[in-house]
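Per-entry structural report
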Amino acid sequence: LFDLDNTLHNASPHIFPHINRSMNAYIERHLGLNPAEATKLRQHYWIRYGATLLGLIKHHQVDPNHFLQQTHIFPALQQMLVFEKPLLHALKRLPGRKIIFSNAPRHYAEAVLTMTGMERLFDTVYTVERINFKPKPMIAGFRSLLRQERLDPRRCIMVEDSLPNQIGCFAVTGVLGTGAMGIVYRVQHAVIGKPAALKVLKPDYADDPDMVQRLIREARTVNAIRHPGIVDIFGFGTLPNGQAYIV
């Protein structure tokens, strides 16, 4: 299972800024907010729900089809794409079925795949419409795809760039809270289904050894107390970008 944006092509330089501006403009028009308020609300819903769309549906009854259509209009998409052609050969060599699993709308995902030449390398494409607007990191979206394709999750690999969608063997199902040094996610083990909370240092502190040691001391102190009113910490790790986390 492959994510699309920032996994198979680099959307950060041109595409994501364009989408963010389009989302801000949409929120300004339809919710009557000023630019600063629209930006703050968009970011808040992305942090809280993993997708701005979910917050707009839940709290403002926004039509998801209209929102996605209006925020994914690209007059010059071909010129905005940043794609490494050697990836085509790497994908060809991979065994097994290959499926796109993206939070983007279908018209945009299909356009990107066609323009990059990747469309012939994937068996099928799952966009947010096909999973009934249950985007990643919602477990319901994963389950819908697995059920429709009759896949065993133990025999699948998720290739994903976004931290809120996968951390190690845990699938992220939501955000529990944010603090000065980290973000706490609600997670579920992808195979055995065990629920947990996962605290990740913010990217600003990834290269700060003092903050990493502080997180480790926090874990050791909590486990030393061993009180029924305090949770156990049973895991520690580091993401590829250097962010430390505890489970």
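Given the structure is predicted, the values throughout are model-derived calculations rather than measurements.

Rules and cut-offs
Residues numbered from 1 in each chain as written. Predicted model: local features only at pLDDT ≥ 70, side-chain atom pairs only at ≥ 80, totals over all residues. Heavy atoms only, no water. Axes fitted to C-alpha atoms, helices over the stretch in contact; angles between N-to-C directions. Helix = DSSP H or I, 4+ residues; strand = E, 2+ residues; numbered from the N terminus. Parallel < 35°, antiparallel > 145°, perpendicular 65-115°, else oblique. Left-handed = near helix turned anticlockwise from the far one by under 90°. Contact = heavy atoms within 4.5 Å. Nonpolar A, V, L, I, M, F, W, Y, C, P; charged D, E, K, R; others polar. Core = buried A, V, L, I, M, F, W, Y, C linked by side-chain atoms within 4.5 Å. Buried < 20%, exposed > 50% of the residue type's maximum accessible area, 1.4 Å probe, protein only.

What follows deals with the packing of helix H1 (residues 15–31) against helix H4 (residues 64–71). Packing of H1 against H4 leaves a shortest axis separation of 9 Å and a crossing angle of 130°. Between H1 and H4, the angle falls in the class oblique. Classified by chirality, the crossing of H4 by H1 is right-handed. Within the contact between the two elements, H1 uses Ile19, Ser22, Met23, Tyr26, Arg29 and His30 and H4 uses His66, Phe67, Gln70 and Thr71. Looking at the contact of H1 with H4 residue by residue, the class counts come to four nonpolar, five polar and one charged.

Next up on the list: the nonpolar core. With 39 residues, the main nonpolar core has Leu4, Ile15, Met118 and Phe122 as its most contacted residues. Residue assignment for this core shows that the elements contributing at least two residues are H1, helix H2 (35–49), helix H3 (52–60), H4, helix H5 (77–80), helix H6 (86–93) and helix H7 (106–116). Tallying contributions element by element places H1 first for this core, with five residues. If we ignore the near neighbours within four places in the chain, the residues touching isoleucine 15 are His9, Phe74, Leu77, Met80, Leu81 and Tyr108. Phe170, Val175, Val187 and Val247 belong to the second largest nonpolar core, which has 12 residues in total.

For asparagine 6, which is not glycine, the phi torsion reads 65° and is therefore positive. In this fold, asparagine 6 is placed in the segment before H1. Notably, phenylalanine 133 is not glycine yet its phi reads approximately 55°, a positive angle. Relative to the elements of secondary structure, phenylalanine 133 occurs in the loop between strand S2 (124–126) and helix H8 (139–149).

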